[in-house]
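The residues making up each chain are set out below.
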Amino acid sequence: MTMTEVTVDDLVFDVSIAGEARAEPVVLLHGFPQTHACWDRISPTLVKHGLFTIAPDQRGYSPGARPLGTEAYRVENLVGDVVGILDQLGLESAHVVGHDWGAAVAWQLAARHPEHVRSLVAVSVPHTAAFNRALREDADQRERSTYMGLLRQAGKAEDVLLEDDARRLRAMFSDRSPDDRYVRHLQQPGALTAALEWYRAMTNEFGRLPPVTVPTTYVWSNQDSAIGRAGAEQCGEFVDADYTFVELDGISHWIPEEAPERLADEILRRVAQSRVS
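About the thresholds
Residues numbered from 1 in each chain as written. Predicted model: local features only at pLDDT ≥ 70, side-chain atom pairs only at ≥ 80, totals over all residues. Heavy atoms only, no water. Helix = DSSP H or I, 4+ residues; strand = E, 2+ residues; numbered from the N terminus. Rg over C-alpha atoms; globule rule 2.2 N^0.38 Å. Contact = heavy atoms within 4.5 Å. Pairing = 2+ DSSP bridges. Axes fitted to C-alpha atoms, helices over the stretch in contact; angles between N-to-C directions. Buried < 20%, exposed > 50% of the residue type's maximum accessible area, 1.4 Å probe, protein only. Right-handed = clockwise from strand over helix to strand, strands pointing away.

So, on to the overall build of the protein. If you tally the helices and strands in the protein, you get 12 helices and eight strands. The C-alpha atoms of the protein give a radius of gyration of 17 Å, which matches the 19 Å a tight globule of 277 residues would have. Overall, the protein is about 50 × 40 × 35 Å in size when its C-alpha atoms are taken along their principal axes. Expressed as a percentage of contacts within the protein between residues at least 6 apart in sequence, the contacts between residues at least 24 apart total 76%.

Read across the open sheet, the eight strands follow the order 1-2-4-3-5-6-7-8; overall the sheet is mixed. The open sheet is flanked by strand 1 (2-8) and strand 8 (243-248), the only strands paired with a single partner. Between one strand and the next, the sheet's axes are offset by a mean angle of 20 degrees, whatever the strand orientation. The pairing of strand 7 (residues 216-221) with strand 8 spans six bridges and is parallel. When the bridges of strand 8 are listed, Tyr 218 appears paired with Phe 245. Packing against the sheet, helix 2 (residues 75-88) makes contact with strand 1, strand 2 (11-18), strand 3 (24-29), strand 4 (51-56) and strand 5 (94-99), and its axis sits at approximately 110 degrees to strand 1.

Of all six residues in strand 4, six are buried; the element is thus mostly enclosed. By the alternation rule, side chains of strand 4 split into Leu 51, Thr 53 and Ala 55 and Phe 52, Ile 54 and Pro 56, which are all buried. Two elements, strand 2 and strand 4, share four bridges in a ladder whose sense is antiparallel. When the bridges of strand 4 are listed, Ala 18 appears paired with Thr 53. Of the pairings in the sheet, the one linking strand 3 to strand 4 comprises four bridges and is parallel in character. Bridging across to strand 4, Glu 24 finds its partner in Leu 51. Taken together, strand 3, helix 1 (residues 43-48) and strand 4 form a β-α-β motif whose crossover is right-handed.

Listed below in structure tokens is the structure:
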């Protein structure tokens, strides 16, 4: 894997790439509070099977792509970043994989710009309309999502998460997740605020998303403390294309770190199926 810089408008993204540039491309989008490194145990398997992987540190996570102000982090800008990176790499479309917030961006990209998405693998977070419905109608999901209230409080969230050597930020991860790398990254000046702006920029439009029309796999783990079963099981109602729901047993929210082999298999399966669909 090689780190490179990709400039989109006036933002410079740090992007991990691997494989032959002429191979079939796969974009890998991380979530909060991760970086591109969450794909480090998955990308080599994809490359081994003939794919070209593109894993950016997204807006706010790349030091050169850390604009000030909440408005800069609206979801349409996050989606535009992915399209811009593809364009700068000379790619019209790619298979898209996203975890957590990266999944939310991937759903938005697939629904609003399907011409750029050959197939979709969303990990942990379901279609945002399904998630929005669960927030409205499911008490369990509302309870699981109470943490968002803190993260949307500018200043207070940073103080709480970074105090005592980022003890609470570290506590978000399981023992099997490389939290030190992620935490050190977010301890850089301005980094955590930029990452939290994703939450603060959310509007009601976030959940008003049409169904996606590209071949889709949704991977959910039943020990996910943030995403409950209601939204996971309703996700397929918002896919008007070939759809597979994969439930992982005994895995936490951090699927890329805890189940990289299984996730890589599901990505490869979806890519192969999209070729014949």
